[in-house]
Amino acid sequence: MKLVKVSAAIEIVSVATGKPQQRRVAILQRDDGHFTFAEEYAYKSEYEGEIIAEGWRRLPSEGIFASAEIAEAEGHSAFLRRHKRQSG
């Protein structure tokens, strides 16, 4: 899959840890030409106070859409539904 676009990161509170975490939505073009979206989260791995790895990890993609614009709209809608309790 080819990365088409990523949204601005939004800070939410992680359900697992209770700590703030950056999340965003990625729009991807599938090999068949259709589009999909996936949520991504920022991570940072530290060892003895030193950062050894950091970046973005992608969750499994969701849906198949005819255009990047539709995938983006659906991705943002799904993101807001999933995190609405944490953002407001």
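All figures in this text were calculated on a predicted structure; none of them were measured in a lab.

Student: If you had to explain the overall build of the protein chain to someone new, which residues and values would you point to?
Tutor: Broken down by element type, the protein chain carries 1 helix and 6 strands. Taken from N to C terminus, the helices and strands of the protein chain fall in the order β-β-β-β-β-β-α. On the principal axes, the C-alpha backbone points of the protein chain span a range of 45 × 30 × 20 Å. Put simply, the protein chain has 88 residues, and 27% of those count as buried. In the protein chain, 44% of the contacts between residues at least 6 apart in sequence involve partners at least 24 apart. Between the averaged position of the 13 positive side-chain charges in the protein chain and that of its 13 negative side-chain charges there is a distance of 5 Å.

Student: Outline unusual backbone geometry, listing residues and values.
Tutor: Backbone geometry at E48 places phi at a positive 50°, although glycine is not the residue there. Secondary-structure assignment places E48 in the loop between β4 (35-47) and β5 (50-58).

Student: I'd like a rundown of the side chain of R23, residues and numbers included.
Tutor: You can see R23 is positioned in strand β3 (residues 20-29). At 3.0 Å, the side chain of R23 and the side chain of Q21 are in polar contact. Reaching out from R23, the side chain makes a polar contact with the side chain of E39 at a distance of 2.7 Å. With residues up to four places along the chain from it excluded, the contact list for R23 reads A8, A9, I10, I12, E39, E40, Y41, W56, L59, F79 and H83.

Student: Pulling in residues and values, what's your account of the pairing of strand β2 (residues 10-13)?
Tutor: As paired elements, β2 and β3 share 4 bridges and run antiparallel to each other. Bridge pairing in β3 places I10 opposite R23.

Student: With reference to specific residues and values, describe the packing of aromatic side chains.
Tutor: Here the structure, examined in full by the defined rule, presents 1 aromatic pair. An angle of 25° between the planes, with centres 6.0 Å apart, marks the rings of F37 and F65 as stacked. A residue pair is termed long-range when its members are at least 10 positions apart, and F37 in strand β4 and F65 in strand β6 (residues 62-65) qualify at 28 residues. This pair shows no difference in class: F37 is buried, exactly as F65 is.

Student: Quick one: what's the story with the side chain of S67, residue by residue and with numbers?
Tutor: Checked against the element boundaries, S67 lands in the loop between β6 and α1 (68-87). A polar contact is formed between the side chain of S67 and the backbone nitrogen of I70, at a distance of 3.1 Å.

Calculation criteria
- Residues numbered from 1 in each chain as written.
- Predicted model: local features only at pLDDT ≥ 70, side-chain atom pairs only at ≥ 80, totals over all residues.
- Heavy atoms only, no water.
- Helix = DSSP H or I, 4+ residues; strand = E, 2+ residues; numbered from the N terminus.
- Buried < 20%, exposed > 50% of the residue type's maximum accessible area, 1.4 Å probe, protein only.
- Contact = heavy atoms within 4.5 Å.
- Lys, Arg positive; Asp, Glu negative; His and termini not counted.
- Charge placed at Lys NZ, Arg CZ, Asp CG, Glu CD.
- Polar contact = N/O pair within 3.5 Å; in protein donor to acceptor, adjacent residues only side chain to side chain.
- Pairing = 2+ DSSP bridges.
- Phe/Tyr/Trp six-rings, centres within 6.5 Å; stacked < 30°, edge-to-face > 60°.

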